[in-house]
Amino acid sequence: MKFFLIAGAINALLSVAFGAFGAHMLEGRVADKYLDTWQTAVQYQMFHAVGLMVIAILMSSSLLGLLGSLNWAGYLMLAGIVIFSGSLYVLSLTGISILGAITPIGGVAFLAAWVMVIISAVKAL
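A brief structural summary.

How each quantity is defined
- Think of each chain on its own: its residues are numbered from 1, step by step along the sequence as written.
- Reporting in this predicted model follows two pLDDT cut-offs: at least 70 for local features of residues, and 80 or more for side-chain atom pairs to be given and counted; totals over whole chains, interfaces and linings ignore these cut-offs and use all residues.
- Only hydrogens and water are removed before side-chain values are computed, so all heavy atoms of the structure are retained for them.
- We count a stretch as a helix when DSSP gives it H or I for four or more residues in a row; a strand needs E for two or more, and each element gets its number in order from the N terminus.
- Three labels apply to residues, based on accessible area from a 1.4 Å probe with only protein chains included: buried if under 20% of the type maximum, exposed if over 50%, partly exposed otherwise in between.
- Contacts are assigned to residue pairs that have any heavy atoms within 4.5 Å of one another.

### Some details on the overall build of the protein
Logical step 1: Secondary structure assignment for the protein yields four helices and zero strands.
Logical step 2: Helices and strands appear in the protein in the N-to-C order α-α-α-α.
Logical step 3: With the principal axes as the frame, the protein shows a C-alpha extent of 50 × 25 × 15 Å.
Logical step 4: Evaluated residue by residue, the protein yields a buried proportion of 41% over its 125 residues.

### Concerning the environment of Tyr44
Logical step 1: Relative to the elements of secondary structure, Tyr44 occurs in helix α2 (residues 32-60).
Logical step 2: Exposure remark for Tyr44: the relative accessible area of 32% places this residue in the partly exposed category.
Logical step 3: Those residues within four positions of Tyr44 in sequence are excluded, and the remaining contacts are Phe84, Ser85 and Phe110.

Here you go:
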């Protein structure tokens, strides 16, 4: 649980830093479509950083803390951040369009993570 809290906080910090970088350093240097792509990466990174912190809190409760499905949820969410947001960051900076084919893998990891949170809640409640 400590790991997911720290990972969530680090990703929230990075999301803010990357958002500021995109707003101040990329404008006028990359095409508008890539600025939009960058912003999408920032938003999803922040959403799921908060998700990681929620998972850490749920794991600390006696009701949900022992469920392995929350562990899976956390690791899937972290993988989703790296693959989804990471591929969009690199795509925005390089314009290498094949990276767009990797992004959905991260999206599927996000979806699977949220399914695992649902499963945890159903098992516990």
